[in-house]
Every structure is written in structure tokens, then in C-alpha cells.
Amino acid sequence: MSEVNFSARAYCKMMLHAAKYPHLAVNGLLLGEKGSEQKVVDAVPLFHQCLHVIPMAEIALIQVEAKAAQQRLQIVGYYAAAENFYDNSLEKAPGGRIADKIAENTNGALFAVIDNRAVSINMCYPAVRVWQHRESRWNKVPRCTVEDAKNTFDAVSGLLQRGAMKELNDFDNYLDNTENDWNNEHLNRDLPQILSMY
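Residues numbered from 1 in each chain as written. Predicted model: local features only at pLDDT ≥ 70, side-chain atom pairs only at ≥ 80, totals over all residues. Heavy atoms only, no water.

Enquirer: Looking at this structure, how should I read the pairing of strand E7 (residues 128–134)?
Expert: A regular strand places its side chains on the two faces of the sheet in alternate fashion. One ladder, built from 5 bridges, connects strand E6 (residues 110–114) with E7; its direction is antiparallel. Paired with Leu110 across the bridge in E7 is Gln132. Note that E7 and strand E8 (residues 137–140) share 4 bridges and pair antiparallel. Note on E8: the bridge partner recorded for Gln132 is Asn139. Counted between consecutive antiparallel strands, the loop separating E7 from E8 contains 2 residues, among which Glu135 sits at a positive phi close to 50°. (Pairing = 2+ DSSP bridges. Helix = DSSP H or I, 4+ residues; strand = E, 2+ residues; numbered from the N terminus.)

Put into C-alpha cells, the structure is as follows:
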């Protein structure tokens, strides 16, 4: 594969998740349409505390898979941001075993690592590096693009400036209080309007 494209929704959620917990490692799931390996349409923030707790990950995977199926989507990959600002490689990404498990069940699974150094209020290129599982190993994807990149980067900058990352819920937040929506419907609903302002 030569390119992976992230929708504005998926990209915004990943960046907000990393920005909400800059002092912690975070991870989440990438969703795409069935049969499409090249387009990530949504992201589901998973954990900022329990990255290596297998029972919690299994519960999250089951719930996300069921919700995705209702929307005719499937889990196509995994994303992570390391705790250390400079650890932006696949080898240092947290929760790699979850990505390997996804790769066992998904042909051409993706593993996106957020480049912590590029998450800022003045984004000008995608703050993510992507690998794809092929022939029993993770291979670097040469190019990563973001849908409507300039507007999406401007929207992420605006969201970060107004502190919107505090409004994002991950699965850890849901486990703390089941009223916290891990699917972030409010953000899904508001993003098109936010993007249209840029």
C-alpha cells in the first residue's frame, strides 16, 4: 500500500485524545468501511490508564466491534501515542499486542503512531505515522494523508485552543462513569459544523 487516508473525524479524535493526556500514553481503534484498507473513517479512543490490561481491552473490542457493525464499519487498525515525547516509533508504541491481535483478524490491519512532537496548535502536516500488517510483519506506509488537510489542521488547532480535548471521552472514562460516551456522539455531531468554519 502506498497511502492511507484519515477522515477529518478520525484525525481530530486521535489528536484530541493525545492532547487530553500529554503526560500519559494513549491508544485507540481505527474504523473503516468493510473491504477498504486505505481509508480510516473514524477513531475510537480506548485507554490512557489501562493500556496493558487485557480483560478491559477485550471488553472494549467487543463493544466497539458491535457498534461499528451497526454503522457498517469494522475495526481496521490501532493507534497509539507514547508517554515519552520522543518515542514516536513502532517499537516504542504502547499496546502493540492489541495491534497484533487486530492483525490476526483483519487483513491489512493498520498501526498508526501519533508523532507527539507534531501535535500542536499550528499543525501543517499529519502528526501520525502508519504501518500496515503484510506478510506477517508491520511495514511502513510511505504516505499518510488527511481529508481536507488544511481545514482539518485548522479545526484541530481551534479545538485545541479552546480546550475541546477535555470534552473527549475514552473507554477509560466510560469505565469510570458509564454516562461518559466513548463513541463521542457530541463530537461526531459537531465536527462537520466546526470544519465548515475553517
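Enquirer: How do you make sense of the packing of helix H1 (residues 8–20) against helix H4 (residues 149–161) when you look at a structure like this?
Expert: Two quantities define a packed helix pair, namely the angle between the axes and the distance from one axis to the other. Where H1 meets H4, the axes come as close as 10 Å, and the angle between the chain directions of the two elements is 35°. Where H1 crosses over H4, the handedness of that crossing is right-handed. On H4, the residues touching Ala8, Tyr11, Cys12, Met15, Leu16 and Ala19 of H1 are Thr152, Phe153, Val156, Leu159 and Leu160. (Axes fitted to C-alpha atoms, helices over the stretch in contact; angles between N-to-C directions. Left-handed = near helix turned anticlockwise from the far one by under 90°. Contact = heavy atoms within 4.5 Å.)

Enquirer: Would you explain the pattern of salt bridges in this entry?
Expert: Pairs can form between side chains of opposite charge once their charged atoms are near each other. Scanning all chains against the criterion turns up 10 salt bridges. We note a salt bridge from Arg143 to Glu3, for which the minimum N-O separation is 2.8 Å. In this pair, Arg143 is assigned in strand E9 (residues 143–146) and Glu3 in strand E1 (residues 3–6), connecting sequence segments 140 residues apart. According to the relative accessible area criterion, Glu3 is partly exposed, its value standing at 29%. When the shortest N-O distance is used, the salt bridge between Glu147 and Lys39 registers 3.5 Å. Of this pair, Glu147 sits in the loop between E9 and H4 while Lys39 sits in strand E3 (residues 39–40), and the two are 108 residues apart along the sequence. Relative accessible area serves as the criterion here: at 25%, Lys39 is assigned to the partly exposed category. By sharing partners, the salt bridges in this structure join Arg9, Lys13 and Asp42 into a single network. (Salt bridge = Lys/Arg side-chain N within 4 Å of Asp/Glu carboxyl O. Buried < 20%, exposed > 50% of the residue type's maximum accessible area, 1.4 Å probe, protein only.)

Honestly, that's just the spatial picture; any functional story needs more than this.
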